[in-house]
Each structure stands twice: as C-alpha cells, then as structure tokens.
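# Notes for the structure review
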Amino acid sequence: MVRNTYIYPPEPSMRIVADIIEYTAKEMPKFNSISISGYHMQEAGATLTQELAFTLADGREYVRAALAKGLDVDEFAGRLSFFFAIGMNFFMEAAKLRAARLLWTRIMQEFSPKKAASLMLRTHCQTSGVSLAEQDPYNNIIRTAFEAMSAVLGGTQSLHTNSFDEAIALPTEFSARIARNTQLILQHETGVTKVVDPLAGSYYVESLTKELADAAWALIEEVESLGGMTKAVDDGLPKRLIEEAATRRQAAVDRGEEVIVGVNKYRLETEDEIDILNIDNAAVRVGQIKRLEDTKRRRDAKAVAQTLAELTRVAQTGEGNLLAAAVDAARARATVGEISDAMRAVFGDHTAVPKVVSDVYGDSYHDDPEYQMIVGRLSEFATTLGTKPKIMVAKLGQDGHDRGAKVISSAFGDLGFEVIAGPLFQTPNEAADLAVAQKVHVVGMSSLAAGHKTLAPQLVAALKARGADNIIVVVGGVIPRQDYQFLLDHGVAAVFGPGTNVLEAARAVMDLMQGRLRNS
C-alpha cells in the first residue's frame, strides 16, 4: 500500500494471505502466520489514527479471507500478530497500543470466537526511522530510548530499537550494540516489565486512548463503507490520506512549527563525521549471482520445472494451496524469483499509478513571505524559459520507500514546478528514457536504500549517452556526507541529505537551472 513491496494486484495478494494462514494453521500451528503491519504506514507519513485504523482494517480483511477458505476462526486468530511504529509522541503512542487492543477485541467479537486468545491483539513494535535525523545524530540515541519506553509502557510484546546512524547509512556494529543495549537496559534495569499496563487509570492516558479509539473506529467504518480494505487500497484512499499527512507534517517541520532538535532548532555550527558502514553493491551483486548460478547448476531441473508448473496450476485453478505449492518448489531449489514468476504468469503485476497530492504543502505556507518569494521567482523564470521548469522525481532500483519523493513532488508542484513523478523500481536507462521523452530540465533521484553510489553515476551516464547531458541530476535521501563528493565527482549537481528544508532545496534547484541557462 505505501511500502511498495507488492508484486500482484490486491485481490490475488489477499488470496496468498489466506493460503498462508490456512497452511500455517494446519502445518505450523505455533507459527505466527502473518504480521499485520502499520509500521510502514507511519513511516510513510500516516497519523497515529490512520496507522491504527488501516492496520486493524487490514486485519479484519485477513480474517474474512481466512474464513472464506473454510477455516474456523479459533484455528488461526490466536496466531495473528501485529506490528506498529513508535514515534516521538510519547503518551499518544502508548495510548495507541492500548486503543489497538480495545478495537481488535471489538472487531474479533464479530466473528464469534470461542477461545479468549482469538480476541487478543499481540504486537511487535519498532522505534521510528523517520524520527532519526542526520544532523547531530547522537540525539537519535535519546529519541530511540524514549520511543522504546513508550512502546513498553503501551504493552508491546516484542521490540526492535533502531540504530542512531540509520538516517545516514546502514548500521555499524557499534551503533547496533547501543540499539540492542537500549532495550536490554529497559528490560533488566528499570522494572517496567514487572507491571502490566502501568499507565492505566491516568486521566490523560485514558482520555487519549478513547480519543484515538473513537477516531480510528470512524475511519475503519469509512473503509467498510467502501467495501473493505482491499477495495479501499484499490481505490487509493489510504495512500492518498497518508501522503497528504506526510506533506502537511513536512511543511510544519520546514516552518519550525514542529521542533526537531538539531535539525530546525539548536543546530550545531559544525557537524563531525561519524563512522559509517560501507557496502560494495557491485560485489554483493556479483556474489548473489554466483550463488544463484551454483544453486541452479546443482539442482534437478526437471523437478524444478514440475513444481513451478504445479504452482502456476494452483494459481490458475484455485485448487490447492499456494504456499504449499511454493514450499514444494523451494524444496526443489526454485529461486524466489522463479516462484514469484510462476504466480505472476496468472496474477499479473500490480502497477500503482503515481499520483501527487496538491495544495497541501502550499496551503500550510499560503501568505509566508519566503514561500511567496520563491513562487514569484519561479514564475519569472518560467517566463524566461517560455515554459514551467520541469523536474522528474525518480526512484531507481529496488528502493520502494517513496515518502520523500512524494513530499518533494507535492511541494515542488505547489511552488510552481511541473513535476513528473516517475514510476517505482526504474533502471537508470528507463529513467533516462522517460526524462528525455518528457523534456525535463532536472531529474531528482531519491535514494533511501544505499544504492546512490551505483545508480546515480549510471543515470548520469545514461543521460549523456542519449545526448541529454544538459539535464541536471540532483540526488536526495539517506546519503552519508562522506559520499557527497563522490556523487559530485560523478556528474551529480547537488546532494540533499535527510532533514533538508524543502524551500532551500527548491532555491538550490532554481539556482542550478538559472546557472545552466546562463552558461548555455
């Protein structure tokens, strides 16, 4: 929905979920069949009400899908698990987990279970990645500790604590140890595990719990009126609401209405570099291809073909269980890609049409003089160009995290740019083809999965090969400062790291375009 790790359309995806629940209930009764996740929703920008409502609505849809397979609710409901994000709104996050348990019990009572365990919401929580800042990054240790405490006070069953350097790069062994020890200290030194629901009875927390439960239930009912979560996802309602919320919050941060210590207030004059983990993407790719080749060489090709054909047949006819057929294929050493393709042949691919919300970022600024100055400057530049400045926002490789890309697309559109929102998972060549066809002035590449040192130079080279080296390439996202010069040396015109103010980025892009025009 917002994590963008889908392959198939919503309906066949729901069929896969139902088959997973059926298979695990019969073959692996102590296994948590699925993780019903709201984490990625909050990371994409969802409010706590949206995260709570859409997660539970997903859960209700999964239960219905499993019941449609002929399962008894008590066969599987007790092994469903949830996964929530925990951000910096300390009391509200704890109240969210309390409200989740309340609402899930209400939902499950609709299905008349006989076991008390079927009414229980069991959840894992992970501290927020979005709350981590590149600037003054040791502050992130404090943020993660507060978020972890909120999750524990709210009643999480298990916990993941993020490393302080994850807004910059992949975690080092040092940062991962601090993250682990944060929750070990909570567990063993604070005494919080000795009491159940320690915030119960607090007027404030009880009030927040009811407020969240009521607001989330209203949104769940709205989803129901559309025909359920599968239909709502197909119609794009959750994604649109989440993207609007993300854009609205970014405007609040940029305006300083929401204080982020070390980012938009109390900033350091100079930032010291920290040690980061470097990954050689090319070496990883070569090693993975070699492992695949070795596996394919050793396996029984006939058995692989037979099991994959059976998986396709199950997908096509609806007779049998998709997970059971996939397990047989995996035992024959079919690859994940081959197993996915066997179902793709029947289900096809789900391709989300990139839509950019408008009049959200701009509405937050409306009469702000700095914002109006940039709008006026863009208008004058458009007159000089004879057309609106055109920027394409590109997501390359397997990086499906598009919150930043969507926020930039929305904000730049409100400022007066013509924005082309490129599709997810493009190759550098595909992005270059689209940029040339659309006659853009700038390509903004968004990178949040450590692929920037590989993909950005390839994009620059692809544009040059098409005679389009006049197109400016800028890169934004989770990029260590140590890598900025590498990117600049390989043809990137500017780099915008985490925490960049959107208006500052817009000014910088305009400066680059005007400089290019003067020198042409």
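Keep in mind that what you see is a predicted model, and the values were worked out from it rather than measured. (Residues numbered from 1 in each chain as written. Predicted model: local features only at pLDDT ≥ 70, side-chain atom pairs only at ≥ 80, totals over all residues. Heavy atoms only, no water.)

### Side note on the overall build of the protein
- Tallying secondary structure elements over the protein gives 21 helices and nine strands in all.
- In terms of its C-alpha atoms, the protein occupies a principal-axis envelope of roughly 75 × 65 × 45 Å.
- Within the protein, residue pairs in contact and separated by at least 24 positions form 77% of the contacts whose partners lie at least 6 positions apart.
- By element, 53% of the accessible surface of the protein is carried by carbon and sulfur atoms, the whole surface being about 24,700 Å².
- Between the averaged position of the 55 positive side-chain charges in the protein and that of its 66 negative side-chain charges there is a distance of 5 Å. (Helix = DSSP H or I, 4+ residues; strand = E, 2+ residues; numbered from the N terminus. Contact = heavy atoms within 4.5 Å. Areas by Shrake-Rupley, 256 points an atom, 1.4 Å probe, with all protein chains shown as cover. Lys, Arg positive; Asp, Glu negative; His and termini not counted. Charge placed at Lys NZ, Arg CZ, Asp CG, Glu CD.)

### Observations concerning the domain arrangement of the protein
- Taken domain by domain, the protein consists of domain 1 (10-162 + 171-255), domain 2 (281-347) and domain 3 (362-514).
- Using C-alpha coordinates to define each centre, domain 1 is positioned 33 Å away from domain 3.
- Every contact between the two is made by 17 residues of domain 1 and, on the other side, 17 residues of domain 3.
- Roughly 1,300 Å² is buried in total at the junction of domain 1 and domain 3, and carbon and sulfur atoms are behind 44% of that figure.
- A per-residue breakdown of the area domain 1 buries against domain 3 is headed by Glu134, Asp254 and Arg255, which together make up 42% of the total.
- Here domain 1 is connected to domain 3 by four salt bridges.
- Across the pair Arg255 and Asp368 runs a salt bridge, and its minimum N-O distance is 3.7 Å. (Domains from an automatic or database assignment. Buried area = accessible area lost by both parts, 1.4 Å probe. Salt bridge = Lys/Arg side-chain N within 4 Å of Asp/Glu carboxyl O.)

### With respect to the pattern of salt bridges
- What the rule picks out here adds up to 35 salt bridges.
- Residue Asp402 is joined to Lys239 by a salt bridge in which the shortest nitrogen-to-oxygen separation is 3.7 Å. Taken together, the positions of Asp402 in the loop between strand S5 (390-395) and helix H17 (403-415) and Lys239 in helix H10 (residues 237-255) put the pair 163 residues apart, joining distant regions of the chain. Each member of the pair, Asp402 together with Lys239, is buried.
- We note a salt bridge from Arg313 to Glu310, for which the minimum N-O separation is 2.8 Å. Taken together, the residues span about one helical turn, with Arg313 and Glu310 both in helix H12 (residues 301-317) at a distance of three residues.
- Several salt bridges converge on common partners, so that one network encompasses Arg60, Glu61, Arg64, Glu110 and Glu224. (Buried < 20%, exposed > 50% of the residue type's maximum accessible area, 1.4 Å probe, protein only.)

### A few points about the nonpolar core
- Core analysis: the largest hydrophobic core is formed by 62 residues, its most contacted members being Ile21, Leu52, Leu56, Phe76 and Trp104.
- Excluding residues within four positions of it along the chain, Phe76 makes contact with Ile21, Ala25, Val63, Ala66, Leu67 and Leu71.
- Counting 27 residues, the second-largest nonpolar core is a separate cluster that includes Tyr365, Val442, Ile472 and Ala505. (Core = buried A, V, L, I, M, F, W, Y, C linked by side-chain atoms within 4.5 Å.)

### A word on the packing of helix H6 (residues 139-154) against helix H7 (residues 173-189)
- Running from N to C, H6 and H7 point in directions that differ by 40°, and their axes come no closer than 10 Å. Taken together, the axes of H6 and H7 are oblique relative to one another. Helix-helix and strand crossings are classified by hand; for H6 and H7 the assignment is right-handed. In this structure, H6 uses Ile141, Ala145, Ala148, Met149 and Val152 to contact H7, whose residues at the interface are Ile178, Thr182 and Leu186. (Axes fitted to C-alpha atoms, helices over the stretch in contact; angles between N-to-C directions. Parallel < 35°, antiparallel > 145°, perpendicular 65-115°, else oblique. Left-handed = near helix turned anticlockwise from the far one by under 90°.)

### Topic: the environment of Ala494
- With respect to the secondary-structure elements, Ala494 resides in strand S9 (residues 494-496).
- In this structure Ala494 comes out as buried when scored by relative accessible area, which is 13%.
- Spatially, the C-alpha atom of Ala494 lies 9.0 Å from that of Ile472, the residues being 22 residues apart in sequence.
- Filtering out sequence-adjacent residues up to four positions away, Ala494 remains in contact with Val473, Val474, Val475, Leu488 and Leu512.

### Quick word on the pairing of S5
- With six of six residues buried, S5 lies mostly within the body of the structure.
- As defined by bridge partners, S5 adjoins strand S6 (residues 418-421) across four bridges and the pair is classed as parallel. Looking across to S6, one finds that Ile391 is bridged to Val419.
- For S5 and strand S7 (residues 442-447), the ladder comprises five bridges, and the chain directions are parallel. Its bridge partner lying in S7, Val393 is registered against Gly444. (Pairing = 2+ DSSP bridges.)

### A few points about the packing of aromatic side chains
- Enumeration according to the criterion identifies eleven aromatic pairs in this entry.
- Ring geometry for Phe82 against Trp104: centres 4.8 Å apart, planes inclined by 70°, an arrangement best described as edge-to-face. Note that Phe82 is positioned in strand S2 (residues 81-86) and Trp104 in helix H5 (residues 90-109), a separation of 22 residues in sequence. For the pair shown, Phe82 and Trp104 are each scored as buried.
- Taken together, the ring pairs connect Phe82, Phe84 and Trp104 into an aromatic cluster. (Phe/Tyr/Trp six-rings, centres within 6.5 Å; stacked < 30°, edge-to-face > 60°.)

### Re the pairing of S2
- Most of S2 is tucked away: six of the six residues are buried.
- What you see with S2 is no split at all: Ser81, Phe83 and Ala85 on one side and Phe82, Phe84 and Ile86 on the other are buried throughout.
- In terms of strand pairing, strand S1 (residues 35-37) meets S2 through three bridges, oriented parallel. Paired with Ser35 across the strands is Ser81, a residue of S2.
- Relative to strand S3 (residues 123-127), S2 is paired through five bridges, and the arrangement is parallel. Bridging across to S3, Phe82 finds its partner in Thr123.
- The handedness of the S2 to S3 crossover, carried by H5, is right-handed. (Right-handed = clockwise from strand over helix to strand, strands pointing away.)

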